[in-house]
Structures are given as structure tokens and as C-alpha cells.
Amino acid sequence: MLIPVIYCTIGYWLTGLVKLFDAFIIFVAVGILVGNNAIAFGSSIGIVAPTINAAFNLNQPFVILFLTYGGFYLNVNSIADYFIWIKYLSWFFYANEILQVNQWEKVSNITCGANETVCYFNGREVLESLNLNPANFRLDFLWLVLLYLLWRVLGFLALTIRTKLRY
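Computed from a predicted model, the values in this text were never measured in an experiment.

### A few points about unusual backbone geometry
Step number 1: With a phi angle near 60°, asparagine 131 is a residue other than glycine that sits in the positive phi range.
Step number 2: Locating asparagine 131 in the fold gives a position in the loop between helix H6 (123-129) and helix H7 (137-166).
Step number 3: The partly exposed category is assigned to asparagine 131, whose relative accessible area is 32%.

Given below as C-alpha cells:
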């Protein structure tokens, strides 16, 4: 947990995000949860894979899918119905919604330049344009924790099965 705390502390204040201590604490908490989800997922893949190279090659496509459908690169409402399930397995999806709401919800005034083609006047408009719901804030935290537990339980079950098959 120390590495995400250090990384988030440096990154938060250097990037000019909202200068509120409670927003910073939320940012760090999400950083810790995302890091732990990634480690739990990687551990699960490592247990299932027969070799280190196989684990690496198996891990990458899943992480790319989770990242792509997590809402940062792709608006969640533009995801095809048959791929929508991917976003619910993505820790990036829940983290993105928490961090976007954390950043934009308290912004009450955005000034736009004369040359701006799209102008949002407050943070609520930004969240609406991204199809993010501030009401999901606490639920997203819960899903991050549950997803972490899911990856750990799946890893444990895979290890148990692998161990019984070996002996």
C-alpha cells in the first residue's frame, strides 16, 4: 500500500486536481484499491498459468480489455450491448467513475475561452457528458472491494484445484 500512497500523493498535487483534502484522501484510497485489484488479478492469472511467460501473455489481453472498457478511453454509453459485461469486471470502470466525480462534482464554475467549440459551465455538466452518475459514488467503492475479493477467491480456488491435481 505504500507505493500507491507515494505515487498518488505526488501525482495528485502536481497535476492540479481539486485542492481539497477529502478529495485527496479519496484519490489515495482509490489508488490503493486499484493497485490491490491489479495485484489480485495478476496473482490469479499467475496461479492458473503454467509458466511465467504464459501468465504474462494471458494477463495482457485482459488488462487491455478492462482498461479499454473502463470508461477512460471509451464513453460507457457507446459500448456495444454484447461487450457491456466487460466494464463490470473492470476495476478501472469503478475507479474512473469515483475519480471523475471526486474531481468534478465540487466544481461550480468553468470559464471557457472564445475559441472553445464545446464548453461546460460546471462540473455536473462534465459528468453528464461522460455519462457518469455521482449517485454511484459509494457503490463504486463497494464494487472495487468486492472485485478485489473476487480475484482473491478465484485465485485461492485455482490454487486449491491446482494443488489437488498435482498430488
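More follows now that the structure is in view.
### Comments concerning the packing of helix H2 (residues 21-48) against helix H5 (residues 91-104)
Step number 1: At a closest axis distance of 10 Å, the pairing of H2 and H5 adopts a crossing angle of 175°. With respect to each other, H2 and H5 are oriented roughly antiparallel. Between H2 and H5, the contacting residues are Ala23, Ile26, Phe27, Val30, Val34, Asn37, Ala38 and Phe41 on the first element and Trp91, Ala95, Ile98, Leu99 and Asn102 on the second.

### Some words on the state of the cysteines
Step number 1: Enumeration according to the criterion identifies one disulfide in this entry.
Step number 2: In this model cysteine 112 forms its disulfide with cysteine 119; the gap between the sulfur atoms is 1.6 Å. Torsion about the S-S bond of the cysteine 112 and cysteine 119 cystine: about 85°, corresponding to right-handed handedness.
Step number 3: Since its relative accessible area comes to 33%, cysteine 112 is described here as partly exposed.
Step number 4: On the basis of relative accessible area, cysteine 119 is assigned to the partly exposed category, the value being 27%.

Each value, and the rule that gives it
- Residues numbered from 1 in each chain as written.
- Predicted model: local features only at pLDDT ≥ 70, side-chain atom pairs only at ≥ 80, totals over all residues.
- Heavy atoms only, no water.
- Helix = DSSP H or I, 4+ residues; strand = E, 2+ residues; numbered from the N terminus.
- Buried < 20%, exposed > 50% of the residue type's maximum accessible area, 1.4 Å probe, protein only.
- Axes fitted to C-alpha atoms, helices over the stretch in contact; angles between N-to-C directions.
- Parallel < 35°, antiparallel > 145°, perpendicular 65-115°, else oblique.
- Contact = heavy atoms within 4.5 Å.
- Disulfide = S-S within 2.5 Å.

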